[in-house]
Amino acid sequence: MVSQRQYSLLSAIPLRFSLRGYGFCMATLFFFCFGSLFYQLNGGPPKILLDIRQYLGKSTYLDDHGPPAPRVLPFPSQVVYNRVGKCGSRTVVILLRLLAEKHQFNLVSSDIHNKTRLTKHEQVDLMKNISNIPQPFLYTRHVHFLNFTRFRIEQPVYINIIRDPINRFLSNYFFRRFGDWRGEQNHLIRTPGMKDDERYLDINVCILENYPECSNPRVFYIIPYFCGQHPQCREPGVWALERAKQNVQENYLLVGILEELEDVLLLLERLLPHYFTGVLNIYKSPDYKKMGNMTGTVRKHTPTLEALQVLYHRMRYEYDFYNFIRDQFHLMKKKIGLKSVSQPPAHSPAFLRELALRTPEPLDEDEELDTDLEDANSWLVHS
């Protein structure tokens with residue numbers, strides 16, 4: 001009888017402990033449910049929790065461990081393409097839209113075409129907006145070089161493309177007047193206020209008679225994109241030229257030339273594979289070629305030799321910069337081991353030397369410009 005009583009007592013002990021543990025768990029669950037309900041009804045935590053927090057101290061996980069390490073991507077993840085007008089930007093932007101969908105990077109293409117120069121406040125706002133784009137990103141806009149580090153903002157990687165300065169000028173001159181093959185009326189949309197006497201102005205008259213559109217500072221166009229936002233960057237001269245060269249060497253991953261566009265795309269594919277892998281296949285596809293054929297400027301013709309001489313002299317700093325970029329581009333191709341057949345420049349060095357020797361003294365250019373040259377820059381124009 002004694003052994004049976006002891007066995008019954010021992011068998012009851014685990015049951016007794018199980019009920020006690022169950023009751024403790026239910027009480028704890030009720031306490032937290034009640035506290036959560038009280039928190040939501042009163043818009044804050046119960047006072048007892050605040051008292052416990054004050055007792056334990058106000059430190060948080062971030063105080064104890066610091067912020068989480070930023071995500072570091074194994075490739076340039078901030079790219080800016082401050083595209084130069086009439087230098088193939090429309091081609092590249094179309095390609096980027098297709099590549100962004102393929103490679104899942106964020107492409108932000110600004111629709112602002114006629115504001116390349118910014119106030120200091122506008123520069124800071126734009127740079128902050130660019131820096132806040134989720135990485136990896138590529139931002140593109142017609143805007144002169146922005147110095148992020150000057151305002152203690154992380155500097156992105158820059159890329160760009162330029163072309164022969166006279167060809168760029170001719171493309172812009174005729175495009176503003178007559179548009180391209182996309183439609184006969186698109187130029188009227190871009191320049192609705194242009195009168196017929198200006199629209200049909202002979203380019204030789206414009207150049208030789210020193211019209212504002214064909215004179216400095218308007219023909220001093222490419223260098224400011226690389227010189228930057230300093231007011232002196234808009235004044236044709238050695239200072240702006242050297243500043244532009246320095247910025248290219250220090251801040252640009254690649255500046256290509258439109259005359260060798262396929263090589264430019266191939267180098268971009270090598271240097272930024274997470275953005276440009278497969279770009280040549282897209283560019284050479286029949287569907288894409290069909291789109292590109294619609295962007296050629298209509299009614300474009302070459303000025304006389306006399307007009308070219310005057311124009312070349314006005315663009316002598318632009319040609320100095322263009323030749324510098326072309327040499328740098330060919331040097332990079334050589335370093336990477338790119339074997340390709342380079343197209344000859346639009347104007348041979350011998351022709352340009354002859355222009356320089358035969359060009360008379362520059363015309364007086366005392367007319368100040370109050371407004372920027374309207375920037376119809378978003379469409380590629382093939383030579």
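In case you missed it, the structure is sitting above this.
Quick caveat, the model's predicted, so the values are computed rather than measured. (Residues numbered from 1 in each chain as written. Predicted model: local features only at pLDDT ≥ 70, side-chain atom pairs only at ≥ 80, totals over all residues. Heavy atoms only, no water.)

Draft legend 1. Representation of the packing of aromatic side chains in the model. All chains considered together, the criterion is met by 14 aromatic pairs. Look at Tyr158 and Tyr252: their rings are 5.0 Å apart centre to centre, the planes differ by 40°, and that puts the pair in the tilted class. Highlighted residues: Tyr158 in strand β4 (residues 157-162) and Tyr252 in strand β5 (residues 252-257), separated in sequence by 94 residues. A ring pair is formed by Tyr173 and Phe174, whose centres lie 5.2 Å apart and whose planes are at 80°; its orientation type is edge-to-face. We note that Tyr173, like Phe174, is buried. Ring pairing ties together the aromatic residues Phe145, Tyr158, Phe226, Tyr252, Phe321 and Phe324, which thus form one cluster. Over the aromatic face of Phe175 sits the side chain of Lys86, whose NZ or CZ is 3.7 Å from the ring centroid. In this structure, Arg177 is placed above the aromatic ring of Tyr173, and the distance from its NZ or CZ to the ring centre is 3.7 Å. (Phe/Tyr/Trp six-rings, centres within 6.5 Å; stacked < 30°, edge-to-face > 60°. Helix = DSSP H or I, 4+ residues; strand = E, 2+ residues; numbered from the N terminus. Buried < 20%, exposed > 50% of the residue type's maximum accessible area, 1.4 Å probe, protein only. Lys NZ or Arg CZ within 6 Å of the ring centre and 35° of its normal.)

Draft legend 2. Just the pattern of salt bridges, in detail. One pass over the full model with this rule turns up eight salt bridges. With a shortest N-O distance of 3.0 Å, Glu213 and Arg176 are connected by a salt bridge. Of this pair, Glu213 sits in the loop between α9 (203-208) and α10 (222-227) while Arg176 sits in helix α6 (residues 165-178), and the two are 37 residues apart along the sequence. Taking the shortest distance from any N to any O, the salt bridge between Lys284 and Glu262 comes out at 3.7 Å. Linking Lys284 in the loop between α14 (279-283) and α15 (286-292) with Glu262 in helix α12 (residues 261-271), this pair joins segments that are 22 residues apart in sequence. Salt bridges here are not isolated pairs; linked through shared partners, they connect Arg176, Arg177 and Glu213. (Salt bridge = Lys/Arg side-chain N within 4 Å of Asp/Glu carboxyl O.)

Draft legend 3. View of the pairing of strand β2 (residues 106-109). By the bridge criterion, four bridges tie β2 to strand β3 (residues 137-140) in an arrangement that is parallel. Note that in β3 the partner of Asn106 across the bridge is Phe137. For the crossover from β2 across helix α5 (residues 120-131) to β3, the handedness is right-handed. (Pairing = 2+ DSSP bridges. Right-handed = clockwise from strand over helix to strand, strands pointing away.)

Shape descriptors only; they carry no functional weight alone.
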